[in-house]
Amino acid sequence: MAGLDAICQPSVRSSARALSRTGICRLPVASVRCRMLESGSFRDRILANLGREFDRLNGMLHRERCTADQRVASFLMSQLRCDETEKTEIQLPMSRVDLARCLDLATETVSRVFTRLQARNILRSQGAVSEVVDRDALSALA
């Protein structure tokens, strides 16, 4: 949820970029604050979203200490968890260049990681579509 930082600050400092088709809902901060006082369930949802944002930021800090293989594996695992099914196919929401930028890696490094994952029979990749062959091995790497 982009902009939740405005609940505690006088202005919004965050931004977001959609990687795939995305819907948005604009909520004025004053209305959100008022609604949080009125509705416990609304307040709980906002706090849960804040908790997820803290987890995401903590993950970003952790990623700084990870190898390239771990960064790519973590990203792929996050894509598998997005729809909470046991799917094995991932439609990458961005190009390898954008993925490299997102993971703070060189494009060539991302390509080499994909090649290594395929050589280890963890992943099959064809363009923007990747199939996770060994989810446990990918998860262990992440």
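Residues numbered from 1 in each chain as written. Predicted model: local features only at pLDDT ≥ 70, side-chain atom pairs only at ≥ 80, totals over all residues. Heavy atoms only, no water.

A. Up close: the packing of aromatic side chains. With the rule as written, the count across this model stands at zero aromatic pairs. The ring of Phe114 carries Arg96 above its face, with NZ or CZ at 3.8 Å from the centroid. (Phe/Tyr/Trp six-rings, centres within 6.5 Å; stacked < 30°, edge-to-face > 60°. Lys NZ or Arg CZ within 6 Å of the ring centre and 35° of its normal.)

B. Representation of the sheet that holds strand β1 (residues 89–91) within the structure. With antiparallel pairing, the three strands of this open sheet are ordered in space as β1-β3-β2. Two strands close off the open sheet at either side, each with one partner strand: β1 and β2 (123–126). Within this sheet the neighbouring strands show an average axis-to-axis angle of 20°, counted without direction. Relative to strand β3 (residues 129–132), β1 runs antiparallel, the two sharing three bridges. (Pairing = 2+ DSSP bridges. Helix = DSSP H or I, 4+ residues; strand = E, 2+ residues; numbered from the N terminus. Axes fitted to C-alpha atoms, helices over the stretch in contact; angles between N-to-C directions.)

C. Fine view of helix α5 (residues 107–119). Across its 13 residues, α5 extends 19 Å between first and last C-alpha, which sits within 8% of the 18 Å expected from 1.5 Å per residue. For α5, every residue scored as buried is listed here: Thr109, Val110, Val113, Phe114 and Leu117. The arc that holds the buried residues of α5, viewed along the axis, is 140°, so those residues lie on one side. Turned more than 90 degrees off the buried face of α5, the exposed positions are Glu108, Thr115 and Ala119. Those residues of α5 that are buried are in contact with α3 (68–81), α4 (96–102), β2, β3 and α6 (135–141). One or two positions beyond α5, positive phi appears at Asn121, with a value near 60°. (Expected span 1.5 Å × (residues − 1). Buried < 20%, exposed > 50% of the residue type's maximum accessible area, 1.4 Å probe, protein only. Arc of directions from axis to C-beta. Contact = heavy atoms within 4.5 Å.)

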